[in-house]
Amino acid sequence: MAKTLELEFTTEFGKSARLSIDNPKEPIDGSVVKSAMEEMIASGVFTSTNGNFASVKGARVIDRNVTEYEII
């Protein structure tokens, strides 16, 4: 089972941009995530092909299960 925290931002051009974090520390605290996202925007370090991050749009945890089968 693999979990990913996906952070979604609105860019300066009104488009969406996502940043994924593998194996996030749980439990996830929404207020801490929002605060961290706001700090990322303020730092100006992150950008995307759709422009610089401008505002927080949302966040979600994606839980993925993979089952491998041995084929003989």
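Residues numbered from 1 in each chain as written. Predicted model: local features only at pLDDT ≥ 70, side-chain atom pairs only at ≥ 80, totals over all residues. Heavy atoms only, no water.

K.L.:
An account of the environment of Thr47 is requested, with residue identities and associated values reported.
P.N.:
Structurally, Thr47 can be placed in strand 3 (residues 47-48). With sequence-adjacent residues up to four places away left out, Thr47 is seen in contact with Asn52 and Phe53. (Helix = DSSP H or I, 4+ residues; strand = E, 2+ residues; numbered from the N terminus. Contact = heavy atoms within 4.5 Å.)

K.L.:
Account for the environment of Ile28, naming residues and giving values.
P.N.:
Turning to its location among the elements, Ile28 is positioned in the loop between strand 2 (16-22) and helix 1 (30-43). Contacts of Ile28, omitting those with residues within four sequence positions, involve Val33 and Val61.

K.L.:
Tell me about unusual backbone geometry, and please be specific about residues and values.
P.N.:
The step from Glu26 to Pro27 runs through a cis peptide bond, and the omega angle for that step is 5°. Summarising the element assignment, Pro27 is placed in the loop between strand 2 and helix 1. Here the phi dihedral of Asn23 falls at roughly 50°; this positive angle occurs in a residue that is not glycine.

K.L.:
Could you give an account of the nonpolar core, with specific residues and numbers?
P.N.:
Judged by nonpolar contacts, Leu5, Leu7, Phe9, Ala17, Val33, Met37, Met40, Ile41 and Phe53 together constitute the single largest core of nine residues. Among the elements of the structure, strand 1 (2-11) and helix 1 are those that each provide at least two residues to this core. Considering each element in turn, this core owes the most residues, four residues, to helix 1. Once residues within four sequence positions are removed from consideration, Met37 is found in contact with Leu7, Glu8, Phe9, Val56, Gly58 and Ala59. (Core = buried A, V, L, I, M, F, W, Y, C linked by side-chain atoms within 4.5 Å. Buried < 20%, exposed > 50% of the residue type's maximum accessible area, 1.4 Å probe, protein only.)

K.L.:
Please give an account of the pattern of salt bridges that cites residues and values.
P.N.:
Throughout the structure, instances matching the rule amount to five salt bridges. Ionic pairing is found between Glu6 and Arg18, a salt bridge with its closest N-O pair at 3.3 Å. Of this pair, Glu6 sits in strand 1 while Arg18 sits in strand 2, and the two are 12 residues apart along the sequence. Taking the relative accessible area as the measure of exposure, Glu6 reaches 11% and is therefore buried. Here Glu6 ties to Arg60 by a salt bridge, and the two come within 2.7 Å at their closest N and O atoms. A residue pair is termed long-range when its members are at least 10 positions apart, and Glu6 in strand 1 and Arg60 in strand 4 (residues 51-64) qualify at 54 residues. (Salt bridge = Lys/Arg side-chain N within 4 Å of Asp/Glu carboxyl O.)

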